[in-house]
Amino acid sequence: MQSFPSSIPSWLLRQPALLPRWLACLERWRRLGRSKTAAIAGIGMVASIAAVVAVAHWSSGAWLSALDEYWLLVLIVAGIHSVTSVSRSRRHAMAAWSESWLATAPLSAAAVGVNRAIDCFALLFLQYLVACLLLAIVAIAGGEFGMVLRPFAALTAGVLVGSAVGWWLPEAKHREQREASRYAVHAAAGNTAVLQPSDSGLSHWPVARAMSMGRPENSRLLFVCVALFAVQSGTSAVRGLAILLVWTMASYLVSLLSAGVTVAKEAAHWLRSTPVSFVGFAWPLARRALLHQAIGIVVIAAAVFASEAAWLAAVNLVLLWMGLVAAVYAFALSTSYRA
Amino acid sequence: MSERVLEVAGLRAKYGTHEVLQGVELHIARGEWFCLLGPNGVGKSTLLNCVTGRMRADAGEIRVGSYSMIAQPVDAKRLLGVACAPEQLPGLLTGRQCLEVYAAAKNLRSIDAELLEVAAQLGFMRFIDKCTDTYSLGTRQKLTVLLALIGDPALIVLDEAFNGLDPASAVTLKRLLRERLSQARCGVLLATHSLDIVEHYADTAALMLDGRVARQWTQAEIAELRKAGGEGIEAALAAASAR
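Conventions adopted
- Residues numbered from 1 in each chain as written.
- Chains lettered and ligands numbered in written order.
- Predicted model: local features only at pLDDT ≥ 70, side-chain atom pairs only at ≥ 80, totals over all residues.
- Heavy atoms only, no water.
- Helix = DSSP H or I, 4+ residues; strand = E, 2+ residues; numbered from the N terminus.
- Rg over C-alpha atoms; globule rule 2.2 N^0.38 Å.
- Buried < 20%, exposed > 50% of the residue type's maximum accessible area, 1.4 Å probe, protein only.
- Contact = heavy atoms within 4.5 Å.
- Lys, Arg positive; Asp, Glu negative; His and termini not counted.
- Charge placed at Lys NZ, Arg CZ, Asp CG, Glu CD.
- Salt bridge = Lys/Arg side-chain N within 4 Å of Asp/Glu carboxyl O.
- Polar contact = N/O pair within 3.5 Å; in protein donor to acceptor, adjacent residues only side chain to side chain.
- Expected span 1.5 Å × (residues − 1).
- Axes fitted to C-alpha atoms, helices over the stretch in contact; angles between N-to-C directions.
- Parallel < 35°, antiparallel > 145°, perpendicular 65-115°, else oblique.
- Left-handed = near helix turned anticlockwise from the far one by under 90°.
- Nonpolar A, V, L, I, M, F, W, Y, C, P; charged D, E, K, R; others polar.
- Pairing = 2+ DSSP bridges.
- Buried area = accessible area lost by both parts, 1.4 Å probe.
- pLDDT = per-residue confidence, 0-100.
- Patch = residues over 30% accessible without salt bridge, like charges linked within 9 Å, V, L, I, M, F, W, Y side chains within 5 Å.
- Areas by Shrake-Rupley, 256 points an atom, 1.4 Å probe, with all protein chains shown as cover.

### Comments concerning the overall build of chain B
Across its full length, chain B holds 9 helices and 10 strands. Relative to the 2.2 N^0.38 estimate, which gives 18 Å for 243 residues, the radius of gyration of chain B is 18 Å and therefore close to what a compact globule would have. On the principal axes, the C-alpha backbone points of chain B span a range of 50 × 45 × 35 Å. Counting the 243 residues in chain B, one finds 54% classified as buried. Long-range contacts, defined as pairs at least 24 residues apart, comprise 68% of the intrachain contacts of chain B with a sequence gap of at least 6. Measuring between centres, the 27 positive side-chain charges of chain B sit 3 Å from its 28 negative side-chain charges.

Here it is, written out as structure tokens:
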């Protein structure tokens, strides 16, 4: 072996399933070091930690009592997040391995298993460490170590149990992965032999992308969280459902906003070689997404109004959000078009 | 009859409820160049995925040498050389690192000098220390072929491996494979749409239709079609497809 950096531990050289991952990390790190992104990310991280420490210093008492009171919620949320995160990662890892350049190499099942476990648990483990770090900051700032023990135990138990369940879940579904995406827009029944020029496909694109990003089937798990939240805090079921509605709708609208930006770039790249005008490009891509945004924010405003907020606040919310959406879409579409 | 390097019997595979392979039967002997033909979407790549262990078959048997790909996949894969799709290469590794990692995965102590010679003949050496995400399609294709040749495999599996190669590199590769076959070092399974390869290099060609091998041509039959000239092979393929 001649071309591997000397920093690579010798045991890793005997692990061909892990070695490419390590080499890719080194190369990514090397490229990151040459860009300004690393410095910006570093400054941002330091600023975030400083902000968390400052906020914790001022209001750690309230945070600690809330965490201690809602330990069951912490347990459930950590469990649900771990189940969805690990099962999704495992499904992706299984599908990715079958497409990997090393899939046809004579690697042992154990080597492949270790590789897959890293794919499944690495992100969750990192998130767990960040959550523990935040708990530690709050505890140190408040000087009340005893009060974080229960949330810490709940967090750890939720992550452990959720990870085990998430690892076990995707086995049965694996064979179905190559079927057509359930988020794809299906053609209406009719004469499929006739094709007409239409921009309808473009208008469906951001919505399909948002649905696949948001994984709406996972939203049903929110019902459990809100039900527990309502029980623990003593709020009414109606308000719990209003919170659920706002949360679900807001997550969809944010996904749709992000999808609009991504799809604008992809569509521009795809259609660059055609003589499509800016209006012909932008309007089909934006119209359905804008309609969904408008309906969604009105529903959210109604829920906010029903939760005893002032009607002016609800109207302000609609105007601010639609202004933000219009600005983001206009910027994304105008910069992507023939960029 | 020389030793068989691949034997596929009653192979069935499906995606969800769609059965793509419906009882495929074929075998390849050492020294044989086997071309797999057929329209798009009839299951050629799925068959190669099953043969190379990427995809689990639902029924049937695949034997590479004396090992079953289903029961002894690690032993079977030791005998395989597979050119993956160019887009599957890890973008952040250099060509040299890819070759070294793949050799390590095959438990080789060293990479033989012959492979470096082939790399030089293909004009790959000037790219070998660059990351693969900077490669052109043809250069990536060359690397996938080199990966397939590592460790002197008994069965080389190629899926449209000549796409994107410049004519000089394509001829070099065809000659190299022919030389290995004449020395009975391996068998070659190639999925292709290129009738030129079938006409000039293949020992056996099979047409896949609807998840089955619908028609097979032996070396003698291919030679007859070649002698007939004109649209010999194309016409035979069209006639078999129309049945």
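### A closer look at the overall build of chain A
Secondary structure assignment for chain A yields 11 helices and 0 strands. Listed N to C, the secondary structure of chain A is α-α-α-α-α-α-α-α-α-α-α in terms of helices and strands. For chain A, buried positions account for 32% of its 339 residues. Long-range contacts, defined as pairs at least 24 residues apart, comprise 80% of the intrachain contacts of chain A with a sequence gap of at least 6.

### A word on the side chain of Lys77 of chain B
Its location among the elements puts Lys77 of chain B in helix H2 (residues 73-78). Buried and without a salt bridge, Lys77 of chain B has Asp75 of chain B as its closest oppositely charged side chain, separated by 12 Å. At 2.8 Å, the side chain of Lys77 of chain B forms a polar contact with the backbone oxygen of Ala103 of chain A. Sequence-distant contacts of Lys77 of chain B, that is, excluding residues within four places in its chain, are made with Ala103, Thr104, Ala105 and Pro106 of chain A together with Thr52, Gly53, Met69 and Lys106 of chain B.

### Some remarks on the pattern of salt bridges
Summed over all chains, the structure comprises 20 salt bridges over all chains. Asp119 of chain A serves as the salt-bridge partner of Arg21 of chain A, at 2.8 Å between the closest nitrogen and oxygen. Taken together, the residues Arg21 of chain A in helix H2 (residues 19-33) and Asp119 of chain A in helix H5 (residues 109-142) connect sequence positions 98 residues apart. For Asp119 of chain A, a relative accessible area of 35% translates into the label partly exposed. As a salt-bridge pair, Glu114 of chain B and Arg180 of chain B come within 3.6 Å of each other at their nearest N and O atoms. Taken as a pair, Glu114 of chain B in helix H4 (residues 113-121) and Arg180 of chain B in helix H6 (residues 167-182) lie far apart in primary sequence, 66 residues in all. Using a relative accessible area of 27% as the deciding quantity, one classes Glu114 of chain B as partly exposed. Arg180 of chain B gets classed as buried once you look at its relative accessible area, which sits at 4%.

### Overview of helix H11 (residues 311-336) of chain A
An α-helical turn contains 3.6 residues, so a residue and the one three or four places further along point in the same direction. Its 26 residues give H11 of chain A an end-to-end C-alpha distance of 37 Å, which sits within 8% of 38 Å, the value for a rise of 1.5 Å per residue. Listed in full, the buried residues belonging to H11 of chain A are Ala314, Trp321, Val325, Tyr329, Ala332, Leu333 and Ser336 of chain A.

### What about the packing of helix H3 (residues 95-105) of chain B against helix H5 (residues 137-149) of chain B?
Residues and elements named next belong to chain B. Between H3 and H5, the shortest axis-to-axis distance is 10 Å and the interhelical angle comes to 20°. Here H5 runs roughly parallel to H3, going by the angle between their axes. By crossing handedness, the relation of H3 to H5 is classed as right-handed. Side by side, H3 and H5 meet where Gly95, Cys98, Leu99 and Tyr102 of the first sit next to Leu143, Leu146 and Leu147 of the second. When its residues are assigned to classes, the contact of H3 with H5 shows 6 nonpolar, 1 polar and no charged.

### What to know about the pairing of strand S4 (residues 59-64) of chain B
Residue and element names in this part refer to chain B. Pairing geometry for strand S1 (residues 4-15) and S4, over 5 bridges, is antiparallel. Note that in S4 the partner of Leu6 across the bridge is Val64. Of the strand pairs in this sheet, S4 and strand S5 (residues 67-68) are connected by 2 bridges, and their pairing is antiparallel. Counted as the bridge partner of Val64 is Tyr67 from S5. Remark: 2 residues form the turn of the hairpin made by S4 and S5, two consecutive strands paired antiparallel; Gly65 in that turn has positive phi of roughly 60°.

### Examining the interface of chain B and chain A
Across the contact, 32 residues belong to chain B and 28 residues belong to chain A. When chain B packs against chain A, the two sides together hide about 2800 Å² of surface, and 59% of this comes from carbon and sulfur. Note that Asp133 of chain B and Arg31 of chain A form a salt bridge whose closest N and O atoms lie 2.8 Å from each other. Viewed at the interface, chain A and chain B are joined by 6 residue pairs in polar contact (both at pLDDT 80 or more). The dominant element in the side of chain B that touches chain A, judged by the number of residues it contributes, is H3 of chain B, at 8 residues.

### Quick word on H6 of chain B
Between the first and last C-alpha of H6 of chain B there are 22 Å, a value that for 16 residues agrees with the 22 Å anticipated at 1.5 Å per step. Where H6 of chain B is buried, its residues contact strand S3 (33-37), H4, H5, strand S7 (155-159), strand S8 (187-191) and helix H7 (195-200) of chain B.

### Let's talk about the confidence of the model for chain A
All names here are of chain A. Averaged over all residues, the pLDDT of chain A equals 81, while 84% of them reach at least 70. Across chain A, the secondary-structure element scoring lowest on mean pLDDT is helix H8 (residues 222-233), at 58, and the one scoring highest is helix H10 (residues 278-306), at 93. Below a pLDDT of 50 lies the segment residues 175-179, which in the model reaches 14 contacts outside its immediate sequence neighbourhood of four places, other chains included.

### Some words on the sheet that holds strand S9 (residues 204-209) of chain B
Residue and element names in this part refer to chain B. With respect to topology, 6 strands assemble into an open sheet ordered S6-S7-S8-S3-S9-S10, the strand pairing being mixed. The two strands at the open ends of the sheet, each matched to only one other strand, are strand S6 (80-82) and strand S10 (212-217). Averaged over all neighbouring strand pairs, the angle between strand axes comes to 20°, with direction disregarded. For S6 and S7, the ladder comprises 3 bridges, and the chain directions are parallel.

### So, a nonpolar patch on the surface
A cluster of nonpolar side chains, Leu160, Val161, Val165, Trp168 and Leu169 of chain A, forms an exposed patch at the surface whose accessible area comes to about 530 Å². One can find Leu160 of chain A in helix H6 (residues 146-168).

### A look at the sheet that holds S1 of chain B
Within a sheet, neighbouring strands are paired by backbone hydrogen bonds and run either parallel or antiparallel to one another. Residues and elements named next belong to chain B. A sheet is described by the order of its strands in space; here 4 strands give the open sequence S2-S1-S4-S5, paired in antiparallel fashion. Two strands bound the open sheet, and with one partner strand each, they are strand S2 (18-29) and S5. Packed on one face of the sheet, helix H1 (residues 44-51) meets S1, S2 and S4 and runs near 120° to S1.

### Quick look at the side chain of Gln293 of chain A
Of note, Gln293 of chain A is situated in helix H10. You can call Gln293 of chain A buried: its relative accessible area is 0%.

### Thoughts on the environment of Glu114 of chain B
Residues and elements named next belong to chain B. Expressed as a C-alpha distance, the spacing of Glu114 and Gly91, which sit 23 residues apart in the sequence, is 25 Å. Apart from residues no more than four positions distant in its own chain, Glu114 is found in contact with Arg180 and Arg185. In this structure the side chain of Glu114 is engaged in a polar contact, spanning 3.0 Å, whose partner is the side chain of Arg185.

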